[in-house]
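# Examining the three-dimensional arrangement
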Amino acid sequence: MEFDLLGEKKDDTRESVWHSEQLWVVGLDFSQEMISRCRLAAPEADLHITDLTTPWPIDEGTVDTVVIDLVLEHIKDLDHIAEECARVLRGGGRLRISELHPLRQQAGKGARFEEAGVLVELPVYMHTTEAYVTAFRNAGFGLDALSEHRAPTDSSSRSPRLLAMVFTQSST
C-alpha cells in the first residue's frame, strides 16, 4: 500500500502511481478542496480529511511507502509526523519527502490556494534540513538520499525550490 500526505502538488508522476493496479493508495489532507482534486485524479484512492497532527486513521505496519509532498512546512511538530510514519510503515518501508526548500521559506515563499473562492494561506513553520533529517532518524529511519532541486528556468544563483529526501525504516 502507498500512503500519501497529499499536500498541494498533484503531478503526473503521482497520477501514474495512483492508477497502478498493484497499489492500494490512501491519501490524507486537511482540506476538502485537495481531497476533491485528488478524487478526480484517482477515484479509486482511499482519501480522508484528517488533522495530521493527531494519530492517523491507518493501521500499524500496513504501509509499504509513505509520500509526503509540500506538507511538513505547515506542521510544527516534525517528531509526531516521523513517529506516525514509523508506526504505519512495515519494517523496511520507504519514505519520500519533498518540501519547499528552507531557503525559499526564509525568502517568504509559501503555499496558497483557493477553497470555496477564498484565498487560504497556511501557517508556515521554518524547519532546517537538519531538523527534517534529525526528526526522521530519531524515529528509526535511515537517510538514503537528499537532494535540492531548481526549476529548469532558475539560474544557478537562485536558491533551490525543493528539498527532497528518501528514508528507509529500520526493519527491526
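The structure this text deals with has already been given above.
Rules used throughout
- Sequence order sets the numbering: in each chain, residues are counted from 1 along the sequence as written.
- The predicted origin of the model limits local features to residues at a pLDDT of at least 70 and limits the giving and counting of side-chain atom pairs to 80 or more, whereas totals for whole chains, interfaces and linings rest on all residues.
- Think of the side-chain values as coming from all heavy atoms in the structure, minus any hydrogens and water.
- Side-chain atoms within 4.5 Å are what join buried Ala, Val, Leu, Ile, Met, Phe, Trp, Tyr and Cys residues into a set we call a nonpolar core.
- For the exposure calls, accessible area comes from a 1.4 Å probe over protein chains only, and a residue counts as buried if that area is under 20% of its type's maximum, exposed if over 50%, partly exposed in between.
- Each helix is a run of H or I in the DSSP string that is no shorter than four residues. Each strand is a run of E no shorter than two, and both are numbered from the N terminus.
- Lines fitted to C-alpha atoms define the axes, with helix axes restricted to the stretch in contact, and inter-axis angles between N-to-C directions lie between 0 and 180 degrees.
- Relative orientations are named as follows: roughly parallel for angles under 35 degrees, roughly antiparallel for angles over 145 degrees, roughly perpendicular for angles from 65 to 115 degrees, and oblique for any other angle.
- By convention, the crossing between two helices is left-handed when the near helix turns anticlockwise from the far helix through less than a right angle, and right-handed when the turn is clockwise.
- Any two residues having at least one pair of non-hydrogen atoms within 4.5 Å are treated as being in contact.
- For this scheme, ten residues count as nonpolar: Ala, Val, Leu, Ile, Met, Phe, Trp, Tyr, Cys and Pro. Four count as charged, namely Asp, Glu, Lys and Arg, and the remainder, Gly too, count as polar.

### Re the nonpolar core
Counting residues in each nonpolar core, the largest one holds 29 residues, and the members touching the most others are I68, I81, C85, L95, F136 and F141. Counting residues per element, the ones that place at least two in this core are β2 (25–29), β4 (63–69), α3 (78–88), β5 (89–100), α5 (129–138) and β9 (162–169). Looking at this core element by element, the count peaks at six residues for α3. Counting six residues, the second largest nonpolar core, distinct from the first, contains C38, A42, A45 and L47.

### A short note on the packing of α3 against α5
At a minimum axis distance of 8 Å, the contact between α3 and α5 shows a crossing angle of 40°. On the basis of the axis angle, α3 is oblique to α5. The two elements α3 and α5 cross, and the hand of that crossing is right-handed. Counting all contacts with α3, which are made through L78, D79, I81, A82 and C85, the residues of α5 involved are A131, Y132, A135 and F136. Looking at the contact of α3 with α5, its residues break down into eight nonpolar, no polar and one charged.

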